[in-house]
Amino acid sequence: MQLRQVRDIEYRLLPGADRQTTDIVIERDGRISVRPPKRMTPEQVDSIVLRKRMWIYRNLADWRDLNTTRVVREWVNGEAFPYLGSNYRLLLVGKQDEALKLKDGRFCLQRSIVDKQGKEGAHQAFQDFYEQKGRERLNKRVATLAAKVGVQPGDVAVKELGYRWASCLSDGHLHFHWKCMMAPVTIIDYIVVHELCHLRHRDHSAAFWNEVDKILPDYRERKEWLRARGAELDL
């Protein structure tokens, strides 16, 4: 990966891939990533970025508007945290057998974690919870939906992915951001199908979206939900 500048646009040039088109993405952190076909030189990619600059400006403006809804956590009683599309209130409790558990419709978090470790400790407890639940659910959904797509993925991992919701590695392994577990189940399925279809098409060509459409005819609505509401899924 290398940083490049075209006029006032700074972007990250990712390694070339076996694809026919150049993929320009406004990442969840607002940075611009570009993945070209292997045959392209950096200078050729610069030309494409320059040609697409109005599209980039519009989508950056959308990103800024959407991210005004980004959540700032206070880690106090009554604060709402999403899980599988539903919000659950936080309750700080005394001793329990787990740092964090979902019980009686509330997220019960050991008060000592907040008292001793602060926001970092509370954040880690939630991240651990989402990762554990994610491994259980996502392995099942990948297996079920892979059969419908007609592909055989590799291992499934749930982890911190920074600005990406998920990724499909060249060896077929699938990685998912733990924040996926905050989203409604329909959105999780969209993310899973999206990555599974990358096992057939590495780019976002018309052929790729046709594969997604075969499994999820309403994928556009799910994709738009993630674009518009994704910033709300945060700690």
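In this text, all values refer to a predicted model and were calculated from it rather than measured experimentally.

Trainee: What should I look at first to understand the sheet that holds strand E2 (residues 9-13) in this one?
Mentor: Sheets are built from strands that pair by backbone hydrogen bonding, the pairs being arranged parallel or antiparallel. A sheet is described by the order of its strands in space; here four strands give the open sequence E1-E2-E4-E3, paired in mixed fashion. Looking at the sheet topology across the chains shown, the edges are occupied by strand E1 (2-6) and strand E3 (23-26). The mean inter-strand angle of the sheet, taken between neighbouring strand axes irrespective of direction, is 30°.

Trainee: Would you mind showing me how to read the sheet that holds strand E5 (residues 80-83) here?
Mentor: Spatially, the four strands line up as an open sheet ordered E5-E6-E8-E7, and their pairing is mixed. Unpaired on one side and paired on the other, E5 and strand E7 (100-103) mark the two borders of the sheet. Along the sheet, successive strands turn relative to each other by an average axial angle of 35°, direction set aside. As paired elements, E5 and strand E6 (residues 86-93) share four bridges and run antiparallel to each other.

Trainee: Help me understand helix H1 (residues 42-51) in this model?
Mentor: One full turn of an α-helix is made of 3.6 residues, so residues set three or four places apart face in the same direction. Of all the positions in H1, only Val 45, Asp 46, Ile 48 and Val 49 are classed as buried. The arc that holds every buried residue of H1, seen down its axis, measures 165°, which confines them to one face.

Trainee: Would you take a moment to explain helix H6 (residues 219-229) for this structure?
Mentor: For H6, the full list of buried residues reads Tyr 219, Arg 222 and Leu 226. When H6 is viewed along its axis, its buried side chains cluster within an angular range of 65° and face the same direction. Facing away from the buried side of H6 by over 90 degrees, the exposed positions are Arg 220 and Glu 221.

Analysis parameters
Residues numbered from 1 in each chain as written. Predicted model: local features only at pLDDT ≥ 70, side-chain atom pairs only at ≥ 80, totals over all residues. Heavy atoms only, no water. Pairing = 2+ DSSP bridges. Helix = DSSP H or I, 4+ residues; strand = E, 2+ residues; numbered from the N terminus. Axes fitted to C-alpha atoms, helices over the stretch in contact; angles between N-to-C directions. Buried < 20%, exposed > 50% of the residue type's maximum accessible area, 1.4 Å probe, protein only. Arc of directions from axis to C-beta.

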